[in-house]
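# Summary of structural features
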Amino acid sequence: MTSSSSPSQDAQTSAQNYPEGLRADALMEEDVAWSHEIDGDRDGEQFERSERAALRRVVGLSTELEDVTEVEYRQLRLERVVLVGVWTSGTIQDADNSLAELAALAETAGALVLDGVVQRRDKPDAATYIGSGKANELRDIVIETGADTVICDGELSPGQLIHLEDVVKVKVIDRTALILDIFAQHAKSREGKAQVALAQMQYMLPRLRGWGQSLSRQMGGGKGGGLATRGPGETKIETDRRRIREKMAKMRREIAEMKTGREIKRQERRRNKVPSVAIAGYTNAGKSSLLNRLTGAGVLVENALFATLDPTVRRAETPSGRLYTLADTVGFVRHLPHHLVEAFRSTMEEVGDSDLILHVVDGSHPAPEEQLAAVREVITDVGATKVPEIVVINKADAADPLVLQRLLRIEKRSIAVSARTGQGIDELLALIDNELPRPSVEVEALVPYTHGKLVARAHTEGEVISEEHTEEGTLLKVRVHEELAADLAPYVAAPALR
């Protein structure tokens, strides 16, 4: 038996071999013989106006596994998601990078990314974020892929969430809710959990929705008891909002109490004149890896966004023997929700109270300059702009040499290192030694052997220039702070200001 096919079917079959952008034209013009070798080179990439404004698929975002044997090695994926972005400014590469970062966030949260689309607009639609027509197209994509969640690359208003859900008929969340969910999964300490809970309640409060019983009014309170039928009373959703506000107030008090304990430790370090260095940077830039390399802290290292949230403070020593503390802080990300900035402000104070900031940036990232700008925006929010900064370009072993040269040329106080291989670590330690504040008083003293505690303090709190053991005692030449200089005054041979 022979089979026949219609001319339209032949045109569709041949159109499958065309590039994706030209397939629609081939289907529309069935009778026109189109040659990719001739017409493609002649015309180039020509798109109609409708195609330029259409939802554009972003390839390479799907994280669905093809090999079934790998499933048992991967966390359970509960939600199948489609990503949606609005491209308002910058290049198309910037839009793709932003959606790729959203895909990484979704995968970190435990979702399976099925597809991603970007809509070109001057500004997000006030009702449905991407416009009513594109929302209907998004619904078709959701049905086609079998997704149960849509994640938008931006912070949506309560109205936008409701209207978009009404169209696509599945759950819709925004970038802020996604980041809050990741923080809730990764917070381990009591303070970290409290800060995340406060940020989630701040985000949830204006987005509470209700129907049926949630909108029914409670009975008003009659005077002296009565039949309790007078007065409109409050609806159940209003009661829920009041309870959330009460929980938020309680959470703020608990965080303030926890802040007191951390402040006491910080004051103790200041009293002992121990310099502090804070590691700040974009999430997954390698801050924890750098902390482990510098101090052997043993902090969790994982190739994931926001793998570590709780701050870690470790003792370290410069090549010249000076002690200082090294603090690993929470990672930052573009468009970090302001709820998190407010909730984690007490934790981020480690950056503002430090003597030096190690600003870690991923040298292998497609857009490291954007990472630098995003982190500096948050540093400005917490009031740490006056703290000296060293830009540490991490992952130098995997970065493009041209990118490293560009960053080293743009950032005057910068150094390229690799926390994995140890490249540049010795140079970084020497740079930290030079940048840390030094004691202001230079003292030369002959300390009797019966006062060895002063010699020990000189080593821990000051900078020993020279040390010689004589018959009368220890001859020290040190740079110390004013308080220790006063204790050494009875044994001073030649004090002088530096």
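As annotated in an unreviewed UniProt entry, the protein carries the name GTPase HflX and comes from Streptomyces triticiradicis. UniProt lists a comment for the protein under the heading Sequence similarities (unreviewed entry), and it reads "Belongs to the TRAFAC class OBG-HflX-like GTPase superfamily. HflX GTPase family." Here is the UniProt Subunit (unreviewed entry) comment for the protein, exactly as written: "Monomer. Associates with the 50S ribosomal subunit."

### Regarding the overall build of the protein
A count of helical and extended segments in the protein gives 18 helices and 15 strands. Looking at the protein as a whole, 44% of its 498 residues are labelled buried. Considering only residue pairs separated by 6 or more positions, the protein has 67% of its internal contacts joining residues 24 or more positions apart. A total accessible area of about 26800 Å² is found for the protein, and carbon and sulfur atoms account for 51% of it.

### Thoughts on the nonpolar core
Leu83, Leu138, Phe332, Leu358, Val392 and Leu428 are the most contacted members of the largest nonpolar core, which has 90 residues in total. Among the elements that line this core, the one with the most residues is helix 5 (residues 92–109), at seven residues. Both domains that meet at this core, namely domain 1 (80–186) and domain 2 (273–435), each give it at least three residues. Ignoring any residue separated from it by four or fewer positions in sequence, one finds Leu83 in contact with Leu61, Leu99, Leu102, Ala103, Ala106, Val113, Asp115, Gly116, Val117 and Ile151.

### Concerning the sheet that holds strand 11 (residues 414–416)
If you trace the six strands from one edge of the open sheet to the other, you get 7-8-6-9-10-11, paired in mixed fashion. The sheet is open, and its two edges are formed by strand 7 (312–317) and strand 11, each paired on a single side. Neighbour-to-neighbour, the strand axes of this sheet turn through a mean angle of 25°, independent of strand direction. Its contacts with the sheet put helix 14 (residues 368–381) on strand 6 (276–281), strand 9 (356–362) and strand 10 (389–394), and the angle it makes with strand 9 is roughly 145°.

### A look at the pattern of salt bridges
Going through the model one piece at a time under the given rule, you end up with 15 salt bridges. For the salt bridge of Asp153 with Arg175, the shortest nitrogen-to-oxygen distance reads 2.7 Å. Separated by 22 residues along the polypeptide, Asp153 in the loop between strand 4 (149–152) and helix 7 (158–168) and Arg175 in helix 8 (residues 175–186) bring together distant segments of the chain. Take Asp153: its relative accessible area is 15%, and that puts it in the buried class. Glu369 is the partner of Arg406 in a salt bridge, and the nearest nitrogen-oxygen pair spans 2.8 Å. Of this pair, Arg406 sits in helix 15 (residues 401–410) while Glu369 sits in helix 14, and the two are 37 residues apart along the sequence.

### Thoughts on the environment of Ser98
Mapping Ser98 onto the fold places it in helix 5. Residues contacting Ser98, with those up to four places away along its chain left out, are Asp153, Arg175 and Arg334.

### Describing helix 15
In an α-helix, one turn spans 3.6 residues; hence positions three or four apart end up facing the same way. Where helix 15 is concerned, the buried positions are Val403, Leu404 and Leu407. Down the axis of helix 15, the buried set is contained in an arc of 100°. They therefore lie on one face. Those residues of helix 15 that are exposed and angled more than 90 degrees off the buried face are Pro401, Leu402 and Arg409. In this structure, the buried residues of helix 15 make contact with helix 14, strand 10 and strand 11.

### Remarks on the environment of Ile141
Topologically, Ile141 is positioned in helix 6 (residues 132–145). Looking at Ile141, the relative accessible area reads 8%, which means it is buried. For the pair Ile141 and Asp115, spaced 26 residues apart in sequence, the C-alpha separation works out to 8.4 Å.

### Some thoughts on the packing of helix 6 against helix 7
Angle between the axes and distance between the axes: these two values describe a pair of packed helices. Where helix 6 contacts helix 7, the two axes come as close as 8 Å, and the packing angle between them is 50°. What the angle tells us is that helix 6 and helix 7 run oblique. Our pair here, helix 6 against helix 7, has a crossing hand that is right-handed. Every residue of helix 7 that contacts helix 6 at Ala135, Asn136, Leu138 and Arg139 is listed here: Leu164, Val167 and Val168. When grouped by side-chain class, the residues that make up the contact of helix 6 with helix 7 number five nonpolar, one polar and one charged.

### Quick look at the packing of aromatic side chains
Applying the stated rule across the entire model yields zero aromatic pairs. Taking the ring centre of Trp87 as reference, the NZ or CZ of Arg120 above it sits at 4.7 Å.

### Some remarks on the environment of Val375
Residue placement: Val375 occurs in helix 14. Distance from Val375 to Val360, taken between C-alpha atoms, is 9.5 Å for residues 15 residues apart in sequence.

### Details of the confidence of the model for the protein
Taken over all residues, the pLDDT of the protein has a mean of 77, while the share at 70 or more is 75%. Note on residues 1–9: pLDDT under 50 across the span, and two contacts to partners over four residues away in sequence or across chains. For the stretch residues 68–77, pLDDT sits under 50, and the model shows ten contacts to residues farther than four places along the chain or on other chains.

### So, unusual backbone geometry
One non-glycine residue, Lys169, lies in the positive phi region at around 65°. In this structure, Lys169 sits in the loop between helix 7 and strand 5 (171–174). Among the residues examined, Lys169 registers a relative accessible area of 64% and is labelled exposed. Positive phi, normally seen in glycine, also occurs at Asn284, with a value near 65°. The residue Asn284 is located in the loop between strand 6 and helix 11 (287–295) in this model.

### Details of the sheet that holds strand 1 (residues 56–57)
Spatial ordering of the open sheet is given by 1-3-2-4-5, a layout of five strands whose pairing is mixed. Each edge of the sheet is formed by a strand with only one pairing partner; in this case those strands are strand 1 and strand 5. Examined bridge by bridge, strand 2 (residues 79–87) and strand 3 (residues 111–120) share nine bridges and lie parallel to one another. Across the sheet, Leu83 pairs through a bridge with Gly116, a residue of strand 3. Running over the sheet, helix 8 touches strand 4 and strand 5 and is turned about 80° from strand 5.

Rules used in this analysis
Residues numbered from 1 in each chain as written. Predicted model: local features only at pLDDT ≥ 70, side-chain atom pairs only at ≥ 80, totals over all residues. Heavy atoms only, no water. UniProt positions renumbered as here; feature names shortened; annotations may be inferred. Helix = DSSP H or I, 4+ residues; strand = E, 2+ residues; numbered from the N terminus. Buried < 20%, exposed > 50% of the residue type's maximum accessible area, 1.4 Å probe, protein only. Contact = heavy atoms within 4.5 Å. Areas by Shrake-Rupley, 256 points an atom, 1.4 Å probe, with all protein chains shown as cover. Core = buried A, V, L, I, M, F, W, Y, C linked by side-chain atoms within 4.5 Å. Domains from an automatic or database assignment. Pairing = 2+ DSSP bridges. Axes fitted to C-alpha atoms, helices over the stretch in contact; angles between N-to-C directions. Salt bridge = Lys/Arg side-chain N within 4 Å of Asp/Glu carboxyl O. Arc of directions from axis to C-beta. Parallel < 35°, antiparallel > 145°, perpendicular 65-115°, else oblique. Left-handed = near helix turned anticlockwise from the far one by under 90°. Nonpolar A, V, L, I, M, F, W, Y, C, P; charged D, E, K, R; others polar. Phe/Tyr/Trp six-rings, centres within 6.5 Å; stacked < 30°, edge-to-face > 60°. Lys NZ or Arg CZ within 6 Å of the ring centre and 35° of its normal. pLDDT = per-residue confidence, 0-100.

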